[in-house]
Amino acid sequence: MKKAFTLFATALFSIFCGISLFAQEVLKPKVVEKLQQNVFEVVVEKIQDDPLTYERELPLDRLPYHIRMDKYDSIGTAFLLTDGHFYTAAHVLNIPHTSLLTKYFIRSSDGAVYKIGNVIKFAGDRDFVVFDVEGFDKKNSKGLQIESNPKTNSSVFAVGNAQGEGIVMRNGLLTSTTPENRNGAWQWLRFSAAASPGNSGGPLVTPQGKVIGIVAMKNSSENLNYALPITEVKNVADNKGELHAECYYNIPNIMTERFYHTFDFEMDLPQSLETVRDECYEAYRQDTEKLVQKLTADYLFTGKESFTVKDPGHELLNTKYTPSFPNIISLSDKGKWVCYSPQKTSTLKIENNGKLEAGMMMGLLMTYLKKPDNVSVQQYIENPKLMMDTLAKIFVLTRNIGAEKITITSYNEPVYKATHTDNVGRTWLISAYNIPFADGIVFNYALPLPDGIFNLTSMRDTSTILNGVNYDFEFLSDFVIANYTGTEKEWQEYLSIPEDIYPRHAPLKNAAITVADNKTTISIGPMNITCPEDIFVVNEKTEIECGIGYRPDEANGLRIEIQQLTVNTLKNSNDNAILAISKDYKPHEDCVKAILDSYEEVKAGTIPFNGEPYEQDQKTAIFLPDVKDDSITVFGLVYKGSKSDIIKKNALILKDSIK
């Protein structure tokens, strides 16, 4: 969720005491001293435990000494006024978001650290917080005074923890005021004094050291910074906290809309900072969850905007799918439901005949992990670390240490594991991995398949993952079209996974591949065929692929059926033999002409669907249709160089075994 201006980014550096005086008007020593006594860094405790594994030992000795030795990260600025309270920007304390960083302090120019205590008042849209500090001795720090009527074009100084390296004071002009965007309820102060990441929450002062505003944000398109007039704090009721946020919410695969939304919340104060952050985040999370549920309801398969409701003749409901790389059903910016996959994918071969194919789409990483021969799908299910270590080979994240980039090789054990059953009945495995140095999370949805795992992966800041991406992935999972394919050996391994470890999708619940009396019986969904060895040999390298189709469903709007079974003895070889069973339902009358015509051609027994063998590309093929009122089932058999009488005889034997 974005504001009109870019908030100052949090700086993950520590203190370097020093004063920069770049000014045409120089601050007097007494003013400098007073500012030093009353302006503070806002710091958080560093996370000491790093769960990540790197390609090599981190060269932390190359960091500046004060950063290496500091137990805190410096993230912003605060200041004390003569009313005895401390002030900073709300976004410095990460209200209303969540974070891996939970303990907030202020640090004085002499290095003393004090825990932030109770919050007295705050406002999210005005971007300020008034708070107290535990154990702070105000003997030397009496607080800064306020200047209520600053003059345009007068000299001002931005005082703050620039770049996280200590309090600096930089000169400029108070150039103008500008109304806040929503309804002009107050005027932002615009100033030209330099301000850097870490300045947020610091005071904007006159040459006499009087506070006129709280540094808040900058305009990314010009060299001007913004501060909230300090007098605006009085326009929020005492002992009250309020949040008002305006945003546009995007559903990743719904490209026709950006949904406008406002979030409002109030709470009574004073309360501890921990309580304030927890309650604000929980209110924000609940609001986002309700918003997502409301918005997505129209686009689910039972929703009024779904193709299942608006367009029963849509191709998605009248054809079969065997995508080599999973697709996502999306509503394009032209208002048409279509299937998308990444335009560009990269492939990485891994040991023992495994490979990773990956592509970016909709701001997330999509990966299809074709498992190595020596690893089973069950091992990936039971050990998400193993799976993510494999993904790390292509989902490359680095940590910057000085000028060096050190690659992360393992996220190690997940901090969170769960499952999600999508609206077509597939079980997804959810896992999350903390990235402490970036206050971020790697978030993953995994769909086990016979030959490997399909993954949706995102790495974002902690709050965006836990209150945004999680909802996106839950919604997107319904719209993924994934193929069920694998060798006979891979299918046997997949089908042997106990239900309590991984519950298979309904069409595969009773699937089985059995060998007895020199015959192999393949039963997947409604497809059931027995192959005698002297007619069609199935071994552990035989490729078995299931094409899926979508059918209307009263409860969920849509269900997945197995509508095609293809068995290929030697895939990618000219010596292969192929058998296939394919079921096509009578297309809806509003379906595209090409699908309607194709169905009628098969129904009419048009060549090659006339039940007679034909030769093409040094192979002989035959297709035997079985026409019913509302569907056609076609059995096909392809041999290399076989005589027509032999293939017809064998095809009839195999077709007779179909149940």
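A few points on the structure. (Residues numbered from 1 in each chain as written. Predicted model: local features only at pLDDT ≥ 70, side-chain atom pairs only at ≥ 80, totals over all residues. Heavy atoms only, no water.)

The next point concerns unusual backbone geometry. When glycine is set aside, most residues are seen to have a negative phi, and most peptide bonds are trans. Following I95, the chain continues into P96 via a peptide bond in cis, with omega recorded as 10°. Note on placement: P96 falls in the loop between β6 (86-88) and β7 (104-107). For D127, which is not a glycine, the phi torsion comes out positive at approximately 65°. For D127, the location among the structural elements is in the loop between β8 (113-123) and β9 (128-133). Judged by its relative accessible area of 3%, D127 is buried. Of note in the backbone geometry, Q618 takes a positive phi value of approximately 60° without being a glycine. If you trace the backbone, Q618 turns up in the loop between β39 (614-616) and β40 (619-627). The exposure class of Q618 is exposed, given its relative accessible area of 69%. (Helix = DSSP H or I, 4+ residues; strand = E, 2+ residues; numbered from the N terminus. Buried < 20%, exposed > 50% of the residue type's maximum accessible area, 1.4 Å probe, protein only.)

Quick look at helix α7 (residues 462-477) now. In an α-helix, one turn spans 3.6 residues; hence positions three or four apart end up facing the same way. For α7, built from 16 residues, the straight-helix expectation of 22 Å at 1.5 Å per residue is met to within 8% by its first-to-last C-alpha distance of 21 Å. The largest bend along α7 reaches roughly 40° and is located at V469. Most of α7 is tucked away, with 13 of its 16 residues classed as buried. (Expected span 1.5 Å × (residues − 1). Bend = angle between axes of the 7 residues up to and from the residue.)

With antiparallel pairing, the 7 strands of this open sheet are ordered in space as β22-β23-β24-β30-β29-β28-β27. Here the strands that pair on one side only, and so sit at the sheet edges, are β22 (346-350) and β27 (416-421). Here the average twist between neighbouring strands, direction ignored, is 20°. Bridge analysis of strand β29 (residues 440-449) against strand β30 (residues 452-461) gives 10 bridges, and the strand direction is antiparallel. Paired with L449 across the strands is G452, a residue of β30. Here helix α6 (residues 384-391) sits on the sheet in contact with β22, β23 (354-361), β24 (364-370), β27, β28 (427-435), β29 and β30, set at roughly 105° to β29. (Pairing = 2+ DSSP bridges. Axes fitted to C-alpha atoms, helices over the stretch in contact; angles between N-to-C directions. Contact = heavy atoms within 4.5 Å.)

Let us look at the pairing of strand β14 (residues 211-219). The buried fraction of β14 is high, at 8 of 9 residues. Pairing of strand β13 (residues 203-205) with β14, which is carried by 3 bridges, proceeds in the antiparallel orientation. By the bridge assignment, P203 is partnered in β14 with I214. If you look at the hairpin formed by β13 and β14, you'll find 5 residues sitting between the two strands, and G209 has a positive phi there, around 85°. Sheet topology places β14 next to strand β15 (residues 224-229); 6 bridges connect them, and they run antiparallel. Looking at the pairing, N219 lines up with L224 of β15.

Right, let's talk about the sheet that holds strand β21 (residues 337-340) for a bit. Within the open sheet, the 3 strands sit side by side as β21-β20-β31. Their pairing is antiparallel. Each having just a single partner strand, β21 and β31 (480-481) make up the two edges of the open sheet. The pairing of strand β20 (residues 327-331) with β21 spans 4 bridges and is antiparallel. If you follow S330 over to β21, its bridge partner there is V338.

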